[in-house]
Amino acid sequence: MSQISSFDHLSFREKLINATREFFSISLVWLFLLFLLSLLELFYNTLVNAVQENFFRLLMYSCWMDVLLWLKWGAVCYIFYLIFYVVHPKSAKFTFKTFICFAAIIQTALVLYFTTSLNLLGADLFSYSLQDVQQTLGASGGLSIVAVLQFLVVVAICISILWWLPRFIKLPWALGIIYPLASVIIFFTSTTSAWSQISLQTTFASNLVTNKSDYFFTSSYYYFFPKTDYDVDIYADNYIGIYDNLDNSVVDYEYLDESNYPFYHVDSDTDVLSPYFNLNEKKPNIVIILVEGLGRAFTNKGAYLGNWTPFLDSLSTQSLYWKNFLSQGGRTFAVLPSILGSLPFAQSGYLGMGEKMPNQLSLLNLLKHNGYETSFYYGGDASFDNMELYLRRNKIDDLIDKDKFSTNSGLLPETNGFTWGYDDEALYAKYLNTRPSDSMAKPQLGVLLTVSSHNPFKINQQQEFYDRFEERMTQLDFTESKKQDYRAYRDQYASILYTDAMLKKFFENYEKRPDFSNTIFLITGDHRMPEIPMATVIDRYHVPLILYSPMLKRTSEMASISSHSDVPPSILRLLKSNYQLDLPEDTSWLGKGLDTVVNFRNIHQIPLIQTKVNMKDYVVGTYHLNGDRLYEILEDMGERPVNDPKQQKSIMDAYNGFKQKNAIITNGGKIIPDSVYIKYTN
């Protein structure tokens, strides 16, 4: 009672001084906890993930990112602390410490997520259903007892320090007032993003030192309050002038009605694939194999992590092979709309629109209109990410997912009671056993999506492929030190070797079918596996494309850049040129078609979406815009930073033009006229 009475008799200035002094003491402990968590994160990842950067340089960057987060929140916390302190000092202390505890819990959880997946978690969390989140966490091993215990231990240490240490910090109140003042300056300074720029050798190292809470909350803010003013008028007469400063080979489309159909344009009739083929009289079967996580970083000759796919490497020499190919997305949600429909992303990926997906044309419904039978095979749950909904809306004939497998043979090993579904061997066997092969059957369009090389990378015949992993390192002439580094990712590389072996078995079995000689195969990755650290930002999207067929009359290796969205127009033009398909003259494809030039170049404008809420990558010519950073793409698909404000502004304007069109689709705009959709889907 006497303490309360003595507090009541203090002047407002004295209360302000005491509140500022105590607030600063607790805030310093908060900063110390941020440093401690960063130190633990760096120490763990340095041991487990073989980080090549200097440890103390990483620690310096990481602590600086922690300071920026600490400063961003300082002023807001100070205001609330003063309000509570004037009413009841103990309540102010308790509330602020509780807030810091929750902040430490969130930071610890986000760090554990990163160390498990090597992905930064942002607002994409809000774009998944609860069922999807539960399946992902369970099947990926994210809810293990060890992880929970680690989480609880770290949180307990943070809470103990927070309640014990502040009493020993006694600093002048004048020093304490600098903190909220500095916070206000940081909060309202436009150069804040520049202060957080990181210059490290690899994307993994940059992500490692990023404050995980800052990334999550910033991403969440822009998710709930997205920017809609892109400072560019796509309807202006001089809009095409945006491209004047870009690579001369980059040409925009001739759009027909941008106000109503922002992506609707005159289609090209250039068929670049026919010169490579001796096609048969009957329309060919098309088989598209989408391999989970198949990144170019570890695929085929010239891969900077080594060639871990000996079969695909040999197949690529008998094929049309694009070694500098790009996926449209950093996760699986983007692959079907891109490689089948060449579609924009909307707000959270095209599939994220759910029932609001506008009518559009795709390989599925256009080829069905022209006499094809269409099918989709997936070892997992096709309802995940609204894949089934998209396929049904594209009038798929047969949809086979894990519920259509009649036996448990081939199920991937369970992790915490969850499994992604059936392995690649079972998937390919299901396809071969259920698709018609006789000459009287309709031509087939089959799409297969694998799952064996997905986190947690637990496969059947695990020990066999662990042994193959060791053998492959010896074949690649790795030193003992390098072998030890790679063993940190043994599960990942074993799953890649398994994926390659099952593809080999699939082709060996397919060769026995009578329809093999009349089939065109396309093999690509849905994105690059992120659980092996990435060297560059573009690495996340860098995948191979192999187009193989017994009907090829010559092979070629292309260094030119193309993407998933270029596949639909090229396949359709090939078929139209040779079989007079009934196709529309005007289309809405994002992609112009595959570039078959063997030399390194890029004639495309390629928007990319890393996660459902992280759409900040745009490739034009040999430039790659990543947020507010500009890179030049090198011939080996490496990247180097570029400081060219004029070029960067031109690319940013072009990207903002795309985003403005994309926002129209998000807000209910149409892809194509209804009359066109009805004509070619009946």
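Cut-off values and rules
Residues numbered from 1 in each chain as written. Predicted model: local features only at pLDDT ≥ 70, side-chain atom pairs only at ≥ 80, totals over all residues. Heavy atoms only, no water. Phe/Tyr/Trp six-rings, centres within 6.5 Å; stacked < 30°, edge-to-face > 60°. Buried < 20%, exposed > 50% of the residue type's maximum accessible area, 1.4 Å probe, protein only. Lys NZ or Arg CZ within 6 Å of the ring centre and 35° of its normal. Pairing = 2+ DSSP bridges. Helix = DSSP H or I, 4+ residues; strand = E, 2+ residues; numbered from the N terminus. Axes fitted to C-alpha atoms, helices over the stretch in contact; angles between N-to-C directions. Expected span 1.5 Å × (residues − 1). Arc of directions from axis to C-beta. UniProt positions renumbered as here; feature names shortened; annotations may be inferred. Parallel < 35°, antiparallel > 145°, perpendicular 65-115°, else oblique. Left-handed = near helix turned anticlockwise from the far one by under 90°. Contact = heavy atoms within 4.5 Å. Nonpolar A, V, L, I, M, F, W, Y, C, P; charged D, E, K, R; others polar.

## Focus on the packing of aromatic side chains
1) Next: Under the defined criterion, the tally for this structure stands at 46 aromatic pairs.
2) Next: Taken together, a centroid distance of 6.0 Å and an interplanar angle of 65 degrees make the contact between tyrosine 261 and tyrosine 264 edge-to-face.
3) Next: We classify tyrosine 261 as buried; its relative accessible area is 17%.
4) Next: For the cation-ring pair, arginine 513 lies above tyrosine 510, with the distance from its terminal atom to the ring centre recorded as 4.8 Å.
5) Next: When the ring centre of tyrosine 655 is taken as reference, the NZ or CZ atom of lysine 659 above it lies at 4.6 Å.

## Some words on the sheet that holds strand S12 (residues 605-608)
Each strand in a sheet pairs with another by means of backbone hydrogen bonds, the pair being arranged parallel or else antiparallel.
1) Next: Across the sheet, five strands lie side by side as S12-S13-S14-S15-S16; this open sheet has antiparallel pairing. Of all the strands in the sheet, just S12 and strand S16 (639-641) have a single pairing partner and so form its edges. Recorded for the sheet is a direction-independent mean angle of 25 degrees between the axes of neighbouring strands.
2) Next: Relative to S16, strand S15 (residues 629-633) runs antiparallel, the two sharing three bridges.

## Considerations on helix H7 (residues 173-187)
1) Next: Taking 1.5 Å per residue, 15 residues should reach 21 Å; H7 reaches 22 Å between its end C-alpha atoms and fits that length.
2) Next: Among the residues of H7, those classed as buried are Gly176, Tyr179, Pro180, Ser183 and Ile186. Taken down its axis, H7 places every buried residue within 125 degrees of arc, on the same side. Within H7, the exposed residues directed more than 90 degrees away from the buried face are Leu181 and Ile185.

## Let's talk about unusual backbone geometry
1) Next: In this chain, asparagine 455 is followed by proline 456 through a cis amide linkage whose omega measures 20 degrees.
2) Next: Of note, alanine 346 is a non-glycine position whose phi angle comes to about 55 degrees, a positive value.
3) Next: Look at alanine 346 and you get buried, because its relative accessible area is 1%.
4) Next: Unlike most non-glycine residues, aspartate 385 shows phi in positive territory, near 60 degrees.
5) Next: Here aspartate 385 is to be found in the loop between strand S4 (373-378) and helix H14 (387-393).
6) Next: According to the relative accessible area criterion, aspartate 385 is buried, its value standing at 7%.

## Considerations on the UniProt feature "transmembrane region" (unreviewed entry) in the chain
1) Next: As recorded in UniProt, the sites labelled "transmembrane region" (unreviewed entry) are residues 23-47, 67-87, 99-121, 141-165 and 177-196.
2) Next: Along residues 23-47 the backbone is 100% helical and 0% strand, and the end-to-end C-alpha distance reaches 36 Å.
3) Next: Helix makes up 100% of residues 67-87 and strand 0%, whereas the separation of the span's terminal C-alpha atoms amounts to 30 Å.

## Focus: the packing of helix H3 (residues 55-87) against H7
Each packed pair of helices is defined by two parameters, the angle between the axes and the distance between the axes.
1) Next: Here H3 crosses H7 at 110 degrees, and the two axes come no closer than 7 Å. Considered as vectors, H3 and H7 are oriented roughly perpendicular to each other. Note that H3 runs across H7; the crossing there is left-handed. Seen from H3, the contacting residues are Leu68, Trp70, Leu71, Lys72, Trp73, Gly74, Ala75 and Tyr78; seen from H7, they are Ile177, Tyr179, Pro180, Ala182, Ser183, Val184, Ile186 and Phe187.
2) Next: Its residues assigned to classes, the contact of H3 with H7 shows 13 nonpolar, two polar and one charged.

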